[in-house]
Amino acid sequence: MSPAREDFLAPDPTPGEEQLLAWLAAARTGGGTPWLRPEQAEALARFALTQGEGVRLMEAAALTMHEPPRDISWEILGADAPGENWDDHRDPHKAFILFQSKLRLAAHEGARLQYKLWLGRP
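Report follows, based on the coordinates. Values in this document were obtained by computation on a predicted structure and should not be read as measured data.

## Looking at helix α2 (residues 17-27)
Stage number 1. Turning to α2, its buried residues are L20, W23, L24, A26 and A27. Looking straight down α2, one finds that the buried residues subtend no more than 160 degrees of arc, so they occupy a single side.
Stage number 2. Taken together, the buried residues of α2 touch α3 (38-50) and β2 (113-120).

Put into structure tokens, the structure is as follows:
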């Protein structure tokens, strides 16, 4: 298939293990992962749990200029409310629940976002 034709194809919704391992390695660095679609970010967060890791930080950015104004409530910055903060609970499973709630909040508010994650062990 020609490269031009591939530009029109939808990306594979399920990243393979090789891709997940690459994102996991990036998520352990200061730069974090590349920008990921919500389903990619969730796949990575689930994969990280199997490795004993949780989401430490998460940035969110709008895909287009037609999105609602930037809202940090869609992110995990380490300065969240008590009980919703990685430093408060240090539990990868609780961090995953918080991560999922942030994705649901953005979807409920109609925001089409991309995500950058940082992962780590407790």
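Let's pick the thread back up.
## What about the pattern of salt bridges?
Stage number 1. Tallying each qualifying case throughout the model produces three salt bridges.
Stage number 2. With a shortest N-O distance of 2.6 Å, E39 and R37 are connected by a salt bridge.
Stage number 3. The exposure class assigned to E39 is partly exposed, which follows from its relative accessible area of 38%.
Stage number 4. Here E42 and R46 are joined by a salt bridge, their closest N and O atoms 2.9 Å apart. Of the two residues, E42 and R46 both sit in helix α3, four residues apart, roughly one turn of that helix.
Stage number 5. On the accessibility criterion, E42 (23% relative accessible area) is partly exposed.
Stage number 6. For R46, a relative accessible area of 45% corresponds to the partly exposed category.

Conventions and cut-offs
- Note on numbering: residues in each chain are counted from 1, in written sequence order.
- The predicted origin of the model limits local features to residues at a pLDDT of at least 70 and limits the giving and counting of side-chain atom pairs to 80 or more, whereas totals for whole chains, interfaces and linings rest on all residues.
- Based on all heavy atoms of the structure, the side-chain values leave hydrogens and waters out of the count.
- Three labels apply to residues, based on accessible area from a 1.4 Å probe with only protein chains included: buried if under 20% of the type maximum, exposed if over 50%, partly exposed otherwise in between.
- Starting at the N terminus, helices and strands are each numbered in turn, a helix being any DSSP run of H or I of at least four residues and a strand any DSSP run of E of at least two.
- Arc definition: directions from the helix axis to the C-beta atoms.
- In this description, contact between two residues means that some pair of their heavy atoms is separated by no more than 4.5 Å.
- Whenever Lys or Arg places a side-chain nitrogen within 4 Å of a carboxyl oxygen from Asp or Glu, that contact is recorded as a salt bridge.

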